[in-house]
Amino acid sequence: MIREPAEVTVAEDGTVEIPMGVLVEAGLHIGERLLAYSDGDGRIALRRATDAVEDLLRGGTL
């Protein structure tokens, strides 16, 4: 659960800026590689790239 929810907007160029507080609460660090994907249900998931690759190798899915 995010303790400090933040509203973000998709810019005209398709980018989104996520506030550092949200990233820090998720345990993410500056320079960390993330994988962004849609679950197809209207939600967007962000995963550490290393975690996503590990899940793919173990179970074959994100």
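Basis of the calculations
Residues numbered from 1 in each chain as written. Predicted model: local features only at pLDDT ≥ 70, side-chain atom pairs only at ≥ 80, totals over all residues. Heavy atoms only, no water. Helix = DSSP H or I, 4+ residues; strand = E, 2+ residues; numbered from the N terminus. Buried < 20%, exposed > 50% of the residue type's maximum accessible area, 1.4 Å probe, protein only. Pairing = 2+ DSSP bridges. pLDDT = per-residue confidence, 0-100. Contact = heavy atoms within 4.5 Å. Patch = residues over 30% accessible without salt bridge, like charges linked within 9 Å, V, L, I, M, F, W, Y side chains within 5 Å. Areas by Shrake-Rupley, 256 points an atom, 1.4 Å probe, with all protein chains shown as cover. Salt bridge = Lys/Arg side-chain N within 4 Å of Asp/Glu carboxyl O.

### Some words on the overall build of the protein
Scanning the protein from N- to C-terminus turns up 2 helices and 2 strands. Reading the protein from its N end, one meets helices and strands in the order α-β-β-α. Viewed in the frame of its principal axes, the protein has a C-alpha envelope of about 35 × 25 × 25 Å. Counting every position in the protein, which comprises 62 residues, the buried fraction comes to 11%.

### A short note on the pairing of strand S2 (residues 44–48)
Judged by which residues are buried, S2 turns out to be one-sided: Ala 45 and Arg 47 face inward and are buried, whereas Ile 44, Leu 46 and Arg 48, on the alternate face, are not. With 5 bridges connecting them, strand S1 (residues 34–38) and S2 associate as antiparallel partners. Across the sheet, Leu 35 pairs through a bridge with Arg 47, a residue of S2. Hairpin remark: S1 followed by S2, antiparallel, with 5 residues in the connecting loop; positive phi at Gly 40, about 85°.

### Observations concerning the confidence of the model for the protein
When the pLDDT values of the protein are averaged, the result is 87; 95% of them are 70 or greater. Ranking the helices and strands of the protein by mean pLDDT puts S1 first, with 91, and helix H1 (residues 20–25) last, with 88.

### A few points about the environment of Gly 27
The residue Gly 27 is located in the loop between H1 and S1 in this model. Along the backbone, Gly 27 and Arg 48 are 21 residues apart, and their C-alpha atoms lie at a distance of 10.0 Å. Excluding its chain neighbours within four sequence positions, the residues that come into contact with Gly 27 are Glu 32 and Arg 48.

### Concerning a nonpolar patch on the surface
A surface patch of nonpolar side chains, about 470 Å² in accessible area, is lined by Val 8, Val 10, Val 16, Ile 18, Leu 34 and Leu 46. Take Val 10: it is sitting in the segment before H1. The class for Val 10 is exposed, based on a relative accessible area of 59%.

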